[in-house]
Amino acid sequence: MDNKDSNNNRRSEEERKKRFRINLLISLGALLFALFFIMFLNSELKRTTEEEISYTKFIEMLEEGNVGKVTFKSNMIYIEPNVPADMRLLSKKYFTGYVNDTELVQKLLNKYKVEFTAEINDSDSGIWEFLLTYLLPILGIWALLWFFMRSATKGGGLMGGVGKSTAKMYVEKKTGVTFSDVAGEEEAKESLTELVDFLKNPAKYKEIGARLPKGALLVGPPGTGKTLLAKALAGEAGVPFFSLSGSDFVEMFVGVGASRVRDLFKQATSMAPCIIFIDEIDAIGKSRDTQYGGGNDEREQTLNQLLSEMDGFDSSKGIIILGATNRPEVLDKALLRPGRFDRRIIVEKPDLKGRIDVLKVHSHDVLMDETVDLEEIALATSGAVGADLANMVNEAAIMAVKAGRKVVSQKDLFEAVEVVLAGKEKKDRILGKEEKRIVAHHEIGHALVMSMLKNTEPVQKITIVPRTMGALGYVMQVPEEEKYLMKKNELLDQITGLLGGRAAEEVEFDDITTGASNDIEKATSIARAMVTQYGMSERFGMMGLETITSRYLDGRPVTNCGEQTEAEIDEEVKNILKKCHDKAKKIIEDNKEVLEKLAAHLIEKETITGDEFVEIFEQETGIRLKKKNPDGTIKEDGDEKADETENVNESEDADESDRSEEKDSDV
């Protein structure tokens with residue numbers, strides 16, 4: 001420890017000397033520049049206010065009466081022109097060389113009647129003139145530069161203090177967040193809890209020979225709570241918490257970022273044990289490989305300094321570095337190796353249980369009535385992150401206030417889900433009669449096809465009220481359970497349901513509209529993934545033809561094959577879409593009367609629930625849409641009359657199901 005401290009002191013002394021030499025050189029350079037600048041200004045001033053003339057010209061001016069005053073100075077004669085008193089300051093003065101003209105004084109006195117005088121040479125006045133003209137401005141500039149450089153470099157920064165760390169520091173439990181405020185990320189919390197225990201009880205780990213991890217990298221999609229977890233870690237540990245963004249290190253001056261990194265670790269060392277949290281660390285930690293945009297001198301210097309500091313500090317003092325990013329694939333390999341970021345903590349989107357816990361946390365202070373069932377809301381928000389769920393609860397509370405109620409109901413929560421996912425209702429957008437019919441048949445087409453297929457989710461709501469995000473209507477489905485795997489038949493049924501709206505337009509109006517654009521985009525994406533990623537194509541088998549980049553952001557697929565294979569992929573996707581579309585169209589044609597009656601009911605009501613849809617469907621067809629078990633089998637319930645109705649249709653349904661499965665296997 002003594003050797004390390006002496007090395008640190010020697011290093012800091014060398015840095016101070018280096019800064020002094022740099023400041024001295026800068027000051028001397030500035031003084032020389034100021035001296036030449038003053039001399040240049042003086043010469044320019046004389047050039048613009050004084051002009052040299054010949055002695056002959058001087059005599060001519062006397063004879064013409066253009067001379068007001070003459071001053072004899074050493075070997076020079078200064079001539080002031082004969083102008084009004086208020087113009088003398090602005091008029092140009094002249095000078096000429098002294099000539100031994102003995103009659104000049106008599107002529108000035110008797111003939112030309114011009115005032116003349118001679119300047120007495122005083123050595124003291126020359127010194128004062130030099131001091132006032134040159135030395136005093138130089139000393140003033142020196143003092144100003146000295147003060148500026150001293151204040152600017154105080155604390156190790158550069159000019160203007162731009163090299164000082166801009167980290168926000170929260171001391172001890174002032175973050176106001178603990179692990180009880182974080183839900184849905186139990187695995188991440190467990191990993192961080194170990195760090196908290198290490199900070200609080202380091203002795204029991206040192207006894208067995210374990211050392212404190214230097215750093216942990218939080219990786220996950222936006223809105224999953226990475227920053228919240230970091231603050232909760234500091235709140236639980238009760239240690240100082242330095243929080244800043246990766247972009248805080250980057251400036252237009254090369255070397256500023258590295259200076260800020262040094263200053264940050266200097267502050268952290270003086271306040272150890274503590275936590276340093278760098279959000280969006282990819283801003284400075286991006287790979288130095290040119291593939292990921294390397295070659296930036298400022299960012300690379302900052303990264304090199306960060307790597308050096310992470311290697312140099314003593315982990316036994318209790319300094320933990322937390323980084324957060326949603327682009328781990330672009331980070332430099334040297335930053336990710338053990339000894340720098342020892343742990344990678346994945347902060348994923350919450351599952352069903354996690355979403356329920358998140359909703360409970362965010363609704364803790366919200367007044368709710370007995371109708372609220374958070375599990376239903378969690379089922380309806382598959383894929384939502386913690387930020388989305390918090391926004392939904394807040395939107396529901398706002399809606400309850402607008403409606404004049406003091407508590408939030410289940411209806412408010414479902415409406416909030418729709419607002420976050422599809423936008424607010426556009427009450428000022430009134431559809432024409434024909435457009436309303438088209439949209440109603442389109443949405444009922446979706447619901448009808450989805451209800452007739454085996455591997456689809458129950459319909460919760462159908463509406464033709466336009467939304468602010470561009471939807472003229474939509475069908476809302478709520479899954480009965482959380483799924484982590486999708487079967488091939490489930491994906492095919494999902495595509496078929498998406499194409500049900502276009503199929504309904506073709507059957508009912510013998511024409512098509514632009515309203516199916518989003519359905520086609522989603523269906524194509526699913527079909528393409530089946531071929532290129534999931535190995536669900538007989539033609540290509542289990543060949544991986546695409547890889548996913550930016551998994552935690554847009555999840556954009558990148559093709560890994562030649563042009564000919566890409567053309568074959570397009571053909572295979574086209575075949576899948578065509579067979580699913582034909583299947584959807586056949587269902588619509590077989591149930592055209594039901595489609596028309598449901599569409600007429602939807603036009604009248606504008607919004608119907610899943611129960612209303614099922615009731616009308618069962619009345620018109622005599623087919624009972626029974627609830628499905630998680631494995632896809634039918635639940636047995638109902639009275640004897642319903643059973644008889646079901647038995648009548650069971651054979652037909654079985655035949656149709658067999659035919660559908662044969663088609664699916666062909667795909």
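Here the structure is a predicted model, which is why all the values come from computation and not from measurement.

Peer 1: Give me the lowdown on the overall build of the protein chain, citing residues and values where you can.
Peer 2: For the protein chain, the helix and strand inventory stands at 23 helices and 16 strands. Counting over 667 residues, the protein chain shows a buried share of 39%. Sequence-distant contacts in the protein chain: of pairs separated by 6 or more residues, those separated by 24 or more amount to 72%. When the accessible area of the protein chain is evaluated, it comes to approximately 37,500 Å², of which 53% is carbon and sulfur surface.

Peer 1: Describe the pattern of salt bridges, naming the residues involved and giving the relevant values.
Peer 2: Applying the stated criterion across every chain yields a total of 21 salt bridges. Here K189 makes a salt bridge to E186, at a shortest N to O gap of 3.9 Å. Residue K189 and its partner E186 are located together in helix 5 (residues 186–200), separated by three residues, close to a single helical turn. For E186, a relative accessible area of 39% gives the class partly exposed. As a salt-bridge pair, K483 and E490 come within 3.0 Å of each other at their nearest N and O atoms.

Peer 1: Go over the environment of E190, please, and point to the residues and values.
Peer 2: When you line up the elements, E190 lands in helix 5. Along the backbone, E190 and F179 are eleven residues apart, and their C-alpha atoms lie at a distance of 9.9 Å.

Peer 1: Summarise helix 17 (residues 488–498); cite the residues concerned and give the values.
Peer 2: An α-helix turns once every 3.6 residues. As a result, residues three or four positions apart point the same way. Most of helix 17 is tucked away: eight of the eleven residues are buried. Restricting attention to buried positions, one finds in helix 17 the residues E490, L491, L492, D493, I495, T496, G497 and L498.

Peer 1: Please set out the sheet that holds strand 5 (residues 115–118) residue by residue, giving values where relevant.
Peer 2: Spatial strand order, 1-4-3-2-5: five strands in an open sheet with mixed pairing. Looking at which strands have only one partner, the edges of the open sheet turn out to be strand 1 (50–52) and strand 5. Here the average twist between neighbouring strands, direction ignored, is 25°. Note that strand 3 (residues 76–81) and strand 4 (residues 93–97) share four bridges and pair antiparallel. Paired with M76 across the bridge in strand 4 is G97.

Peer 1: Now, about a nonpolar patch on the surface: what can you tell me, with residues and values included?
Peer 2: A cluster of nonpolar side chains, F33, F37, F40 and L41, forms an exposed patch at the surface whose accessible area comes to about 440 Å². The residue L41 is located in helix 1 (residues 2–49) in this model. What makes L41 partly exposed here is its relative accessible area of 43%.

Peer 1: How would you sum up the packing of aromatic side chains? Please name residues and give values.
Peer 2: Two numbers describe a pair of aromatic rings. These are the distance of the centres and the angle of the planes. All told, the structure shown has four aromatic pairs when counted by the stated rule. Considering the side-chain rings of Y55 and F58, the 5.7 Å spacing of their centres and the 65° angle between planes classify their relative orientation as edge-to-face. Taken as a pair, Y55 and F58 lie in helix 2 (residues 55–63) at a separation of three residues, close to a single helical turn. You can call Y55 buried: its relative accessible area is 17%. Note on F613 and F617: the rings are 6.3 Å apart at their centroids and 25° apart in plane angle, and the pair reads as stacked. Here the residue F613 and the residue F617 both occupy positions in helix 22 (residues 610–621), the gap between them amounting to four residues, near one helical turn.

Peer 1: Can you explain the sheet that holds strand 12 (residues 459–463)? Please cite residues and give values.
Peer 2: Spatial strand order, 13-12-16: three strands in an open sheet with antiparallel pairing. The open sheet is flanked by strand 13 (474–477) and strand 16 (607–609), the only strands paired with a single partner. Strand after strand, the sheet turns through a mean of 15° between neighbouring axes, direction not considered. Pairing geometry for strand 12 and strand 13, over four bridges, is antiparallel. In the sheet register, I462 faces strand 13, and the bridge partner there is V475. Packed onto the sheet, helix 22 meets strand 12 and strand 16 and runs at close to 80° relative to strand 16.

Peer 1: Help me get a handle on the environment of D373, residues and values and all.
Peer 2: As for its position among the elements, D373 is in the loop between helix 12 (352–362) and helix 13 (374–380). Of the residues examined, D373 reaches a relative accessible area of 30% and is grouped as partly exposed. C-alpha of D373 to C-alpha of S409: the two residues are 36 residues apart in sequence and 9.2 Å apart in space.

Peer 1: How would you sum up the packing of helix 18 (residues 500–509) against helix 20 (residues 563–590)? Please name residues and give values.
Peer 2: Contact pair helix 18 / helix 20: the axes reach a minimum separation of 8 Å and the direction vectors enclose 55°. Between helix 18 and helix 20, the interaxial angle falls into the category oblique. Helix-helix and strand crossings are classified by hand; for helix 18 and helix 20 the assignment is right-handed. Residue-level contacts link G500, R502, A503, A504, E506 and V507 of helix 18 to H581, A584, K585, I588 and E589 of helix 20.

Peer 1: I'd like to hear about the confidence of the model for the protein chain, residue by residue, with values.
Peer 2: For the protein chain, per-residue confidence averages 78 on the pLDDT scale, and 77% of positions sit at 70 or higher. Throughout residues 628–667 the model reports pLDDT below 50, and contacts reaching past four residues in sequence, or to other chains, amount to 42 contacts.

Peer 1: Kindly report on the packing of helix 12 against helix 14 (residues 386–402), identifying the contributing residues and their values.
Peer 2: Close contact between helix 12 and helix 14 brings their axes to 9 Å; oriented N to C, the two are set at 45°. With respect to helix 14, the element helix 12 is oriented oblique. Read as a crossing pair, helix 12 and helix 14 show a hand that is right-handed. Counting all contacts with helix 12, which are made through R355, V358, L359 and H362, the residues of helix 14 involved are G386, L389, A390 and V393.

Peer 1: Let's hear about the side chain of R340: which residues, and what values?
Peer 2: Along the polypeptide, R340 turns up in the loop between helix 11 (333–336) and strand 11 (343–346). A polar contact is formed between the side chain of R340 and the backbone oxygen of A334, at a distance of 2.8 Å. With residues up to four places along the chain from it excluded, the contact list for R340 reads K214, G215, L307, M310, D311, A334 and L335.

Here is what the cut-offs are and how they apply
- Residues numbered from 1 in each chain as written.
- Predicted model: local features only at pLDDT ≥ 70, side-chain atom pairs only at ≥ 80, totals over all residues.
- Heavy atoms only, no water.
- Helix = DSSP H or I, 4+ residues; strand = E, 2+ residues; numbered from the N terminus.
- Buried < 20%, exposed > 50% of the residue type's maximum accessible area, 1.4 Å probe, protein only.
- Contact = heavy atoms within 4.5 Å.
- Areas by Shrake-Rupley, 256 points an atom, 1.4 Å probe, with all protein chains shown as cover.
- Salt bridge = Lys/Arg side-chain N within 4 Å of Asp/Glu carboxyl O.
- Pairing = 2+ DSSP bridges.
- Axes fitted to C-alpha atoms, helices over the stretch in contact; angles between N-to-C directions.
- Patch = residues over 30% accessible without salt bridge, like charges linked within 9 Å, V, L, I, M, F, W, Y side chains within 5 Å.
- Phe/Tyr/Trp six-rings, centres within 6.5 Å; stacked < 30°, edge-to-face > 60°.
- Parallel < 35°, antiparallel > 145°, perpendicular 65-115°, else oblique.
- Left-handed = near helix turned anticlockwise from the far one by under 90°.
- pLDDT = per-residue confidence, 0-100.
- Polar contact = N/O pair within 3.5 Å; in protein donor to acceptor, adjacent residues only side chain to side chain.

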